[in-house]
Amino acid sequence: MHQNNQQPIPNNQEDFKLKDTNPRLGERWPNGGVRGGGGWMSGDKITSTYDLVEQMYYLYVRVVKAKDLPTSAITGSCDPYAEVKLGNYKGTTRHYEKKTHPEWNQVFAFSKERIQSSVLEVFIKDKEMVGRDDYLGKVLFDLNEVPTRVPPDSPLAPQWYRLEDRRGEGKVRGEIMLAVWMGTQADEAFPEAWNSDAATVHGEGVFNIRSKVYVSPKLWYLRVNVIEAQDVQPNDRGRLPEVYVKAQVGTQILKTKLCPTRTINPLWNEDLVFVAAEPFEEQLVLTVEDRVHPSKDEVLGKISLPLNVFEKRLDHRPVHTRWFNLEKFGFGVLEGDKRKELKFSSRIHLRVCLEGAYHVLDESTMYISDQRPTSRQLWKQPIGILEVGILSAQGLLPMKMKDGRGATDAYCVAKYGQKWVRTRTIIDSSGPKWNEQYTWEVYDPCTVITLGVFDNCHLGHGDRPGGAGGGGGSGRDSRIGKVRIRLSTLEADRIYTNSYPLLVLHPSGVKKMGELQLAVRFTCLSLANMIYLYGHSLLPKMHYLHPFTVNQLDSLRYQAMSIVAVRLGRAEPPLRKEVVEYMLDVGSHMWSMRRSKANFFRIMSLLSGMISVSRWFDDVCHWKNPITSVLVHVLFLILIWYPELILPTIFLYMFLIGLWNYRFRARHPPHMDTRLSWAEAVHPDELDEEFDTFPTSRPQDIVRMRYDRLRSVAGRIQTVVGDMATQGERFQSLLSWRDPRATSLFIVFCLCAAIILYVTPFKALALLVGLHMLRHPRFRSKMPSVPSNFFKRLPARTDGML
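Because the structure is predicted, anything quoted here is derived from the model rather than measured. (Residues numbered from 1 in each chain as written. Predicted model: local features only at pLDDT ≥ 70, side-chain atom pairs only at ≥ 80, totals over all residues. Heavy atoms only, no water.)

**A word on the nonpolar core**
Put simply, the rule reads: Nonpolar cores were defined as sets of buried Ala, Val, Leu, Ile, Met, Phe, Trp, Tyr and Cys residues, with membership established by side-chain atoms within 4.5 Å. Throughout, exposure labels follow a simple rule: accessible area from a 1.4 Å probe, protein chains only, divided by the maximum for the residue type, with under 20% read as buried, over 50% as exposed, and the rest as partly exposed. A run of DSSP states H or I qualifies as a helix once it reaches four residues; a run of E qualifies as a strand once it reaches two. Both are numbered from the N-terminal end. Domain start and end points were adopted from an automatic or database domain assignment. Residue contacts are defined here by distance: any two heavy atoms, one from each residue, within 4.5 Å place the two residues in contact.
Core analysis: the largest hydrophobic core is formed by 69 residues, its most contacted members being Trp420, Leu451 and Leu518. For this core, the element with the highest residue contribution is helix H4 (residues 550-569), accounting for seven residues. Among the domains, domain 2 (218-330 + 343-355) and domain 3 (376-459 + 475-584) are the pair contributing at least three residues each to this core. Ignoring any residue separated from it by four or fewer positions in sequence, one finds Leu518 in contact with Val388, Gly389, Ile390, Leu391, Leu451, Val483, Ile485, Tyr496, Thr497, Asn498 and Tyr500. Core analysis: the second largest hydrophobic core is formed by 29 residues, Trp220, Val245, Trp268 and Phe274 among them.

Following this line, the structure appears as structure tokens:
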């Protein structure tokens, strides 16, 4: 599918870099470039100016309705529709059966770049089921006479026009109400308009190509504290039940532990936590089950509770407990007289609440875009505005075959906080131009916006062989690439115009799928609030007062992702599951040899600074550069004489380093780095392992080889971890009498040291130690020092390891 990618990976490193662009952004700054003037930012309301995109001009035609249309002489009725024609482009409204006063209210947009005619024609036709559609009349417009409309001007009022005959020689019966104007993509009619760029799309595909804004469902944590149950009667009255509770919300199922004692009044006091989405469609279903046999459980009672009956709490104060009567299992199918025999029922004691003070994590914490608690009452004021102009893409690779040739129908999705946006799909273009601008409120600058580019496989071409992904609903939208931008790396009020490489890892290696051009601006509304945020926790305080376990968070995050994918997949048009999962990094927790290497080398690059400092100090001690060694001696003697200068010197030094580094600061937002990701030199088998399904679908011999490789890598990690533990245990054994002689020597040394330090001035001691460390090589021995020898002889707990 991507065989025509002729870019050899080793030779095009520049292609993987971020590039500066200089697009001709639309409107100039209002008020001569003065920010915040003249009501451009009036109070809390931010007006959309569309100044981060290139202006694209469109001819708009709003077809509102028609009246007094003639009926057919044959059928005695009229099935009218309107056809708007400009040069080779033709758009049609839906048709109405047997209606002489139809109302369409549809808008058509023709790209000015592709206009090839100076006349716009609007036809009214009568749809014939068998023969050719009957012509009822037309209206002509000279494009030179069409007015231009610029928002925030009010929409152009439609007018009635008399229909002309086919040759334009006279008026015929019937009128049509129209509005025709020239405008830009900032026009509010643009998102819903039929677009000449997508004239080849028909049927359901029309809905799948429009730009849309989606909102993630509001997610809550549902905490179910199962306390106890009473009068749990087993089916076999001759034994005491071994009971547990199973709770289910939608597809999420959790169980309590078995009650440790066999009793008809079991006690658990366990918390079960679920993710629930508003509006609450699922119910909490609780079943009390008896472990009759290790492989057999019997249901003793059941209850279903709607989620909206539970209290929503905004802090950590406990909610009230409630008793609920359990239905005996199978109660609904009993005869009426049998029901009366059930004189009493089992009860279950619960404390259930919807947690409003947590943030429900539905994305990786590394790329978090929102950290507000669920409950809106706990939200703070926004501290900034993020504006993103999605300009265009360049050099996109063909993603599928259409009519015997490669084609790409690209659209872009951006996700920040609860708001998702999707641009319109540009049909059959390797350099699509969207020029759409979107705005988000920012509540925390230390968050990430994610943008993904996808190939639309749902354009209603199912009737064509090799059509768009197999037709109207069966294909999966293909990933073209992803961009992440951390807002805290952006300077306030600066427009960043860059071209980001779209890099995707394939089983064959890293591949550049094209470039995405963006214009990004982060506007700070309150500098004081932003500085205040830097000292506060990233997540709401409930995450720290009553934290979840790591396993719980992983499970809850996966459930939240599934719910978001399902709910957005039910929107119209749907934001599909594969798109949502890619944007939310669903598979980021899976094992990958490549990622493990990348993270290892990230740690090594961090340690390299410490290693280089220690090497420099070693060179000073060994007098490799006598001038440096002398200067260090002088500095050391000054600090010994005036110890109160030590901390100020350290902080002053860091201040000067920071000032020096200001010249070399990054001028671009971060982007996908192939070298950092260890994607350039990765082994093909390691890539194949990364793309393997879970559980594996590879042959047994390959899995065995990978398992052996994993064992060897894990063995080395195990050795390093063991060595670190050994050093720590040696420190412990200094005073633990594991080695009586070593501990005796150490405590005698400590006593002597205490006496010496008590009587010796600290300056003199520090001077002696420092001069000893900085002594000339001729006074050094090549053998390890006494403290090092003593430490290495101390026992660790390795002797007790099996």
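Next, the rest of the story.
**Considering the pairing of strand S7 (residues 103-111)**
Worth spelling out the cut-off: Note on pairing: two strands pair once DSSP finds at least 2 bridges between them.
Bridge count between strand S4 (residues 57-67) and S7: seven bridges; the pairing is antiparallel. Bridge pairing in S7 places Arg62 opposite Val107. Pairing geometry for S7 and strand S12 (residues 194-195), over two bridges, is parallel. Across the sheet, residue Phe108 finds its bridge partner in S12, namely Trp194.

**Examining the pattern of salt bridges**
Rules: When a carboxyl oxygen of Asp or Glu is within 4 Å of a side-chain nitrogen of Lys or Arg, the pair counts as a salt bridge.
This model, assessed by the stated rule, comprises 35 salt bridges. For Lys400, the salt bridge goes to Asp455, with nearest N and O atoms at 2.9 Å. Within this pair, whereas Lys400 is found in strand S25 (residues 400-402), its partner Asp455 is found in strand S30 (residues 448-455), the two being separated by 55 residues in sequence. On the basis of relative accessible area, Lys400 is assigned to the buried category, the value being 9%. Relative accessible area serves as the criterion here: at 0%, Asp455 is assigned to the buried category. Each of Arg223, Asp271, Arg313 and Glu355 takes part in one network of salt bridges that share partners.

**Looking at unusual backbone geometry**
Generally, phi is negative for residues other than glycine and the peptide bonds are trans, each holding for most cases. Cis geometry is adopted by the peptide bond preceding Pro279, which originates at Glu278 and carries an omega value of -10 degrees. Take Pro279: it is sitting in the loop between strand S17 (267-277) and strand S18 (283-293). The residue after Glu572, namely Pro573, is reached through a cis peptide bond having omega 0 degrees. Take Pro573: it is sitting in the loop between H4 and helix H5 (577-583). One non-glycine residue, Asn269, lies in the positive phi region at around 55 degrees. Take Asn269: it is sitting in strand S17. Taking the relative accessible area as the measure of exposure, Asn269 reaches 51% and is therefore exposed. For Asp585, which is not glycine, the phi torsion reads 55 degrees and is therefore positive.

**Digging into the sheet that holds strand S19 (residues 296-306)**
Spatial ordering of the open sheet is given by S16-S15-S18-S19-S22, a layout of five strands whose pairing is antiparallel. Edge strands, defined here as strands with exactly one partner in the open sheet, are strand S16 (252-255) and strand S22 (327-328). As defined by bridge partners, strand S15 (residues 243-249) adjoins S18 across seven bridges and the pair is classed as antiparallel. When the bridges of S18 are listed, Ala247 appears paired with Leu286.

**Description of the UniProt feature "transmembrane region" (unreviewed entry) in the chain**
The test is simple: UniProt positions are given in the numbering used here, feature names are shortened, and annotations may be inferred rather than shown by experiment.
Those places that UniProt annotates as "transmembrane region" (unreviewed entry) correspond, in this numbering, to residues 518-535, 600-617, 645-662 and 745-774. Taken end to end, residues 600-617 has its terminal C-alpha atoms 25 Å apart, with 100% of it in helix and 0% in strand.

**What to know about the environment of Val448**
Position of Val448 among the secondary structure elements: in strand S30. In this structure Val448 comes out as buried when scored by relative accessible area, which is 2%. Through-space distance from the C-alpha of Val448 to that of Asp370 is 8.4 Å; in sequence the pair is 78 residues apart. Excluding residues within four positions of it along the chain, Val448 makes contact with Met366, Tyr367, Ile368, Ser369, Lys415, Tyr416, Arg484, Ile485 and Arg486.

**Observations regarding the packing of aromatic side chains**
The criterion, for reference: Here is the rule: rings of Phe, Tyr and Trp (six-membered ring for Trp) pair when centre to centre is within 6.5 Å. Planes less than 30 degrees apart are stacked, more than 60 are edge-to-face, and the remainder are tilted.
Following the criterion strictly, the structure yields 17 aromatic pairs and no others. Where Tyr411 meets Phe454, the ring centres are 5.8 Å apart and the plane angle is 25 degrees; that geometry is what we call stacked. On the criterion of sequence distance, the pair formed by Tyr411 in strand S27 (residues 410-416) and Phe454 in strand S30 is long-range, its members being 43 residues apart. With 5.7 Å between their ring centres and 85 degrees between their planes, Phe454 and Tyr582 make a pair best called edge-to-face. Residue Phe454 is located in strand S30, and its partner Tyr582 is located in helix H5; the two are separated by 128 residues in the primary sequence. Grouping residues by exposure puts Phe454 and Tyr582 together as buried.

**A short note on the pairing of strand S29 (residues 433-442)**
Summarising burial for S29: seven of the ten residues are buried, a large majority. Inspection of the sheet shows strand S24 (residues 384-394) paired to S29 by eight bridges, in the antiparallel sense. Each residue of the ladder has a partner; that of Val388, found in S29, is Tyr438.

**Some remarks on the packing of helix H6 (residues 593-621) against helix H7 (residues 626-641)**
The cut-off we apply is this: Between the N-to-C directions of two axes lies an angle of 0 to 180 degrees, each axis being a line fitted to C-alpha atoms and, for a helix, fitted only over the stretch in contact. Each angle gets one of four labels, with under 35 degrees taken as roughly parallel, over 145 as roughly antiparallel, 65 to 115 as roughly perpendicular, and the rest as oblique. Note on residue classes: Ala, Val, Leu, Ile, Met, Phe, Trp, Tyr, Cys and Pro are nonpolar, Asp, Glu, Lys and Arg are charged, and everything else, Gly too, is polar.
Following both chains from N to C, one finds H6 and H7 inclined at 95 degrees, their axes separated by 8 Å at the closest point. Taken as axis vectors, H6 and H7 run roughly perpendicular relative to one another. Judged by residue contacts, Trp616, Asp619 and Val620 of H6 engage Thr628, Ser629 and Val632 from H7. Taken together, the residues that form the contact of H6 with H7 break down as three nonpolar, two polar and one charged.

**Topic: the confidence of the model for the chain**
Rules: Every residue carries a pLDDT, the predictor's confidence in it, which falls somewhere between 0 and 100.
Looking at the chain, pLDDT values average 82 and 90% of them are 70 or higher. Segment residues 1-11: pLDDT under 50, and 17 contacts once partners within four positions in sequence are set aside and those in other chains are kept.

**Here's the deal with the sheet that holds strand S31 (residues 478-486)**
The strand order across the open sheet built from five strands is S13-S28-S27-S30-S31, with neighbouring strands paired in antiparallel fashion. The open sheet has two edge strands, strand S13 (212-215) and S31, and neither has a second partner. Within this sheet the neighbouring strands show an average axis-to-axis angle of 20 degrees, counted without direction. Sheet topology note: the S30/S31 ladder contains eight bridges and is antiparallel. Across the sheet, residue Thr450 finds its bridge partner in S31, namely Arg484.

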